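# A closer look at the structure
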Amino acid sequence: MISTRDFLLLFLVAIVSSSIAIFLRGARGTHENVQVTSLVQGDELQFDSIQSISIRRNGKAVLFERKDRKWWQVEPFEMRMDFLSMQNVITSVQSVQEIGNVSTKTDLDTVGLGESANTISLADDTNVLEIKLGRKTLGGRAYAQMNDAAPVLIDQSLHRIAIDMDYKLWRDTRLFPDFAIDGVRIDRVINGDRLLLDRTGGRWEMLQPVSTRVDQNILLEWVGRIAASHVGSFVQDEPNDLALFGLHSPSATFGVEDGKGATHTLLVGGRVSAGSEDRYVMLEGIPVVFRVQWEPLSQLFPASEIFVDATGSAVSRFDVKRVLIRTGSEELVFERNLESWLKSDGVPLDTEKVNALMTWLLETKPPEVSIGEYPRANELALITLIGYDQLPLDTVRIAQDENGLVILENGDNVLRWHPAESLEALRPFID
């Protein structure tokens, strides 16, 4: 038997279910009475060919233009924009819904559609579409007017994108977005020390602080980090006093250049706060201060020695026909004869020992590399590698410091420090 308490609960559930059903039927009937259509119809605009977007909000205008399949803010100043964000703006115009009419007696100023109305304008190759965005109202609706047509009610989606959203969020946050593809030069200065790298010859080379070859793999990995570096957050547009951010006299600069000669230079200012390593930065020529976290920023400023090719020479052992070793007034000359090596008098040399010497000179990377003047006073030997055309390919200078460490250098003032025991590869030829 059902208790009185259970009977009352079942009765209440039945009443609630009936009420919900009646409400849903009423809501469905109301929805069916509202005619929803797209605000922009027909051929007013070719949305896949939009060339410019202009937004006026609160009396201030901003203009975006599409150039070479990239979006740029061109007014009030030029800055690269995120392509997908700009496409989202276009989509919001294309998909906004008209959900009602406005009485012809409505005062346009009252609903925000007067002369000072906020607007968004889009232009393709031939047409311009302007939409005035008026006051928001109840039920997720808002007033709008397209070109010279009658005012209508639309959903608030376009207002949220064009009027409410900060268009700083549409900016491309990458510092050097195309550098991995067409970058040809890096010019970095920190605390007065300059690192200059150049790729105009097809391979990266170091020009400053010394002129030397670089490790291509390490350099290309770094170039990838440069291309992936991002802004942390935007702080202020068109600042009046750069000294507030330590940017009146930047502590460091990081410049890149592409194959067309376009340059982009990052200026590094002061710390954001006393307890933070984050820095204020800006791109030269763009009046926007932004913040970058120290960890990704510091990856732009590693020691120059990291990029140096640490091997004693860039010569391939297969290009070497003859080897000349000078120690003081003594000379030893030997050359390749098929798979063997012969001295100038025809006496054969131990092939394994020659191969060990070549491996040490051309392939072995030392534990440490530094930039400095070669200690000529401590020189042990000069080894000149000669090609099949009888022309010298390279000369490696070998010295030993007071602690026994062995230095290899080939005229670039890059000291490649090998342990003392590595000298065993040379001893059979100088003892």
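Residue indices begin from 1 for each chain and proceed along its sequence in written order. Local features in this predicted model are restricted to residues of pLDDT 70 or higher, and side-chain atom pairs are both shown and tallied only at a pLDDT of 80 or more, whereas totals for entire chains, interfaces and linings draw on every residue. Values reported for side chains reflect all heavy atoms of the structure, with hydrogen atoms and water molecules removed beforehand.

## Some remarks on the sheet that holds strand 27 (residues 414-418)
Here, any two strands with at least 2 DSSP bridges between them count as paired. Working definition: helices are DSSP H or I runs of at least four residues, strands are E runs of at least two. Numbering for both runs from the N terminus. A sheet is described by the order of its strands in space; here eight strands give the open sequence 22-21-20-24-25-26-27-23, paired in antiparallel fashion. Looking along the sheet, the strands with just one partner apiece sit at the ends: strand 22 (340-343) and strand 23 (368-371). Across this sheet, the average inter-strand angle for adjacent strands is 25°, counted without regard to direction. Relative to strand 27, strand 26 (residues 406-409) is paired through three bridges, and the arrangement is antiparallel. By the bridge assignment for strand 27, Leu408 is matched with Arg416. Angular values range over 0 to 180 degrees, each being the angle between N-to-C directions of two axes fitted as lines to C-alpha atoms, with helices fitted over their stretch in contact.

## A word on the pattern of salt bridges
The salt bridge criterion pairs a side-chain nitrogen of Lys or Arg with a carboxyl oxygen of Asp or Glu, the two atoms within 4 Å. Taken as a whole and judged by the stated rule, the model has 19 salt bridges. Measuring nitrogen to oxygen at the nearest pair gives 2.7 Å for the salt bridge that ties Asp187 to Arg194. Note that Arg322 is salt-bridged to Glu335, the shortest N-O span being 3.0 Å. Residue Arg322 is located in strand 20 (residues 322-327), and its partner Glu335 is located in strand 21 (residues 330-337); the two are separated by 13 residues in the primary sequence. With a relative accessible area of 27%, Glu335 lands in the partly exposed category. Via salt bridges that share partners, Arg80, Asp172, Arg174 and Asp178 belong to a single interconnected network. Residue burial is assigned from relative accessible area. The probe radius is 1.4 Å, only protein chains are included, and a residue is buried under 20% of its type maximum, exposed over 50%, and partly exposed in between.

## What to know about the packing of aromatic side chains
Within 6.5 Å between ring centres, the rings of Phe, Tyr and Trp (the latter by its six-membered ring) count as paired, and their orientation is classed by plane angle as stacked under 30 degrees, edge-to-face over 60, tilted in between. What the rule picks out here adds up to 12 aromatic pairs. Note on Phe64 and Tyr167: the rings are 6.2 Å apart at their centroids and 80° apart in plane angle, and the pair reads as edge-to-face. Of the two residues, Phe64 sits in strand 3 (residues 60-67) while Tyr167 sits in the loop between helix 3 (157-164) and helix 4 (179-182), which places them 103 residues apart along the sequence. Across the pair, Tyr167 and Phe64 agree in class, each one buried. On the basis of an interplanar angle of 55° and a centroid distance of 5.8 Å, the ring pair of Phe64 and Trp170 is categorised as tilted. Of the two residues, Phe64 is situated in strand 3 and Trp170 in the loop between helix 3 and helix 4; the sequence distance between them amounts to 106 residues. For Trp170, a relative accessible area of 3% translates into the label buried.

## A closer look at the pairing of strand 21
Looking along a regular strand, one sees side chains alternate from face to face of the sheet. As defined by bridge partners, strand 20 adjoins strand 21 across six bridges and the pair is classed as antiparallel. Across the sheet, Val323 pairs through a bridge with Phe334, a residue of strand 21. Sheet analysis places strand 21 next to strand 22, joined by four bridges and oriented antiparallel. By the bridge assignment for strand 22, Arg336 is matched with Trp341.

## Topic: the environment of Leu63
Structurally, the position occupied by Leu63 is in strand 3. Linking Leu63 and Gln73, residues 10 residues apart in sequence, is a C-alpha distance of 5.9 Å.

## As for unusual backbone geometry
A cis geometry characterises the amide bond from Glu75 onward to Pro76, with omega recorded as 10°. Position of Pro76 relative to the elements: it lies in the loop between strand 4 (70-75) and strand 5 (79-80). Geometrically, the link from Gln208 to Pro209 is a cis peptide bond, its omega value of 5° lying close to zero. With respect to the element layout, Pro209 can be found in the loop between strand 13 (205-208) and strand 14 (212-213). Phi is positive for Asn58, which is not a glycine, with a value near 55°. By the secondary structure assignment, Asn58 is in the loop between strand 2 (52-57) and strand 3.

## Quick word on the nonpolar core
Nonpolar core, defined: a set of buried Ala, Val, Leu, Ile, Met, Phe, Trp, Tyr and Cys residues in which side-chain atoms within 4.5 Å join the residues together. Ranked by internal contacts, the top residues of the largest apolar core, which has 37 residues, are Phe176, Ile186, Leu197, Trp222, Phe254, Leu266 and Phe290. Those elements giving two or more residues to this core turn out to be strand 12 (193-198), helix 5 (216-228), strand 16 (252-258), strand 17 (263-271), strand 18 (279-283) and strand 19 (288-292). A total of four residues in this core trace back to one element, the largest contributor, which is helix 5. Excluding anything up to four places from it in sequence, Leu197 contacts Val184, Arg185, Ile186, Trp204, Glu205, Met206, Val214, Leu219 and Trp222. Core analysis: the next-biggest nonpolar cluster, separate from the first, contains 32 residues, Trp71, Val96, Ala162 and Trp170 among them. Only heavy atoms matter for contacts: two residues are in contact if any of them lie within 4.5 Å across the pair.

## Observations regarding the environment of Glu331
Mapped onto the elements, Glu331 comes out in strand 21. On the basis of relative accessible area, Glu331 is assigned to the exposed category, the value being 52%. In this structure, the C-alpha to C-alpha distance between Glu331 and Asp48, residues 283 residues apart in sequence, is 74 Å. In this structure the side chain of Glu331 is engaged in a polar contact, spanning 3.3 Å, whose partner is the side chain of Arg326. Two N or O atoms form a polar contact when they lie within 3.5 Å of each other; inside protein one atom must be a possible hydrogen donor and the other a possible acceptor, and for residues adjacent in sequence the pair counts only when both atoms belong to side chains.

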